[in-house]
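One-letter residues, chain by chain:
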Amino acid sequence: MCLLLGAASAARKSDPAKVDVVALIVVLTVLVCLLTILVAGLLRSHADILRALHSLGAGVGDPTSGDEAQSAPISMSPSAPPLPGERNSVSVFDLSGATPSGDAIALAVAGADQLTLIAFLSSGCSSCAGIWRAMVRSHGDLPHDVRLVVATKGPELESPPEVEAKAAGGTFPVVMSTAAWGDYEVPGAPFFVLVDGRRSRRIGEGIANTFPQVLDLVRRAQRELPESDDGNHSRAFALGLDGPQRESANDEELIRAGIHPGDPSLYPQSHDDVFGVGKVPAPNDGA
Amino acid sequence: MALSAHGIGAQLPAGFEGRIFVRAPVGEEISRPVAQFATFPIPQGIGDFGGNTETSLGPSDIFAVLFEYGPESVGTALFAAQGIPSGLTTMDFLPYVMRPGVGGSLGIQRFFTAAGRPFMFYARLGSLQQQAALVQQVNQLLANLVIQPPSSTPLASPTTSTTAPSSTTTVAPTSTTPTTSAP
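Criteria and cut-off values
Residues numbered from 1 in each chain as written. Chains lettered and ligands numbered in written order. Predicted model: local features only at pLDDT ≥ 70, side-chain atom pairs only at ≥ 80, totals over all residues. Helix = DSSP H or I, 4+ residues; strand = E, 2+ residues; numbered from the N terminus. Buried ≥ 20, exposed ≤ 12 C-beta atoms within 10 Å, placed from the backbone. Contact = placed C-beta atoms within 7 Å. Arc of directions from axis to C-beta. Nonpolar A, V, L, I, M, F, W, Y, C, P; charged D, E, K, R; others polar. Pairing = 2+ DSSP bridges.

Participant: Give me the environment of Val186(A): which residues, what numbers.
Facilitator: All names here are of chain A. Of note, Val-186 is situated in the loop between α6 (178–183) and β6 (191–196). Residue classification places Val-186 among the buried positions, given that 20 C-beta atoms sit within 10 Å. Remark: the alpha-carbon pair of Val-186 and Gly-206, spanning 20 residues in sequence, is separated by 9.4 Å. Setting aside residues up to four positions removed in sequence, Val-186 forms contacts with Phe-120, Trp-181 and Phe-191.

Participant: If you had to explain helix α5 (residues 160–167) of chain A to someone new, which residues and values would you point to?
Facilitator: Residues and elements named next belong to chain A. For α5, the set of buried residues is Val-163, Lys-166 and Ala-167. The buried residues of α5 occupy one face: seen down the axis, they fall within an arc of 90°. Packed against the buried residues of α5 are α4 (126–138), β4 (146–152) and β5 (174–176). At the C-terminal side of α5, Gly-169 shows a positive phi close to 90°.

Participant: If you had to explain the environment of Leu95(A) to someone new, which residues and values would you point to?
Facilitator: Residues and elements named next belong to chain A. Relative to the helices and strands, Leu-95 resides in strand β1 (residues 95–98). On the neighbour-count criterion, Leu-95 (25 C-beta atoms within 10 Å) is buried. For the pair Leu-95 and Trp-181, spaced 86 residues apart in sequence, the C-alpha separation works out to 9.8 Å. Residues in contact with Leu-95, not counting those within four places in the same chain, are Leu-107, Val-109, Val-149, Ala-151, Val-175, Ser-177 and Ala-180.

Participant: Please set out the interface of chain B and chain A residue by residue, giving values where relevant.
Facilitator: Facing the 27 residues of chain B at the interface are 23 residues of chain A. Among the elements of the structure, β1 (2–5) and β3 (17–22) of chain B are those that each provide at least two residues to the side of chain B that touches chain A. The dominant element in the side of chain B that touches chain A, judged by the number of residues it contributes, is β3(B), at six residues. Within the side of chain B that touches chain A, the residues separate by chemical class into 14 nonpolar, eleven polar and two charged. Two elements, strand β2 (residues 104–107) of chain A and β3(B), share three bridges in a ladder whose sense is antiparallel. In the strand pairing of β3(B), Ala106(A) is matched with Gly18(B).

Put into structure tokens, the structure is as follows:
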């Protein structure tokens, strides 16, 4: 730099044109120095980023890590709840929580001898308002073997007085439970889950904006139930059990019906015991 | 599945559902906690002792009630028995305990005092044929009831969980603040 300044001073004494050239050289030299510093800083920053990625296990662009590090997978597991398509579509959970009036309630869903329609509603959502009203008014439109249960989030996230006001006049239980929303991985209200208690599995779930849509969902799900629900087959058959498991399930069903080991009906002595008195089919029946 | 409110807690055996509530008082009456448990869906708006559940009670069903009386009953002869009933047998369930018209089923009534609170336990079985198995379930329910002393009764502070309570007997409270255990 001193050499350049000295050259400029000498040039000023000799020729003004030379002075300009020397000044230009000085400015360019300073610019080159600044750019060199900038590039060095960028390289250092890049090295820091590579080191940070390496510490996370990515190994991307790390020249010292080789192929093994470069092929190391980057964890991309989402922290949010799984999407509906990734959920277990059959798992069922009982419901327990508070009622809007501050009492405690626990409802058996799994194993119940019926279908349970769980309506996940909120007191605040606009889509839910019409459904609340329709449920209070038209609850009876549901098939007789379907039990309607409304589940809101717990008192810590919902307003019990508002929920109580929405459900006023309804003949369905209301469970306030945030855990239930987590168990059934409800994406948002309004959301409906239809559970077959006999099989302890979900047979339908989805969103509906009107109560008639809900009724349609329920009826369609009912139509899709296996024919074994018509009473012509045992519960064990419907569950697809076989061997000792089917035998055990049939025993349980008989006991529930009041038929215990040793019951005379299990040991028919005549055709009348099987078909009923006077109802024995003639030998040529069905020929 | 567990539920708890108004100083009464229960870990429900499989197949049971329940509710613990205090009815809104009418006039000057004082409402007391009532706990109802059943192996069938408990209809809305039924009586404290299960009125209007007759048609819901199948042969393999149970309906049970824990009904609290006023503190003036403590120390009376009717509530002399101490502690939640346990070890019931088929001989304890009798047809004539039932109201007329509830044919084919058996019932039991037990008055007792637990944790300084007077209660009546009432249970109804769906059929005589399955009595032995049903009594076993009733005993299981009773063994998992918890009653807290009246001073700690956290009215209108229900807690529910899917975990077992810390004790299956009458216990002294450790805190008056209701807690909720994670499922």
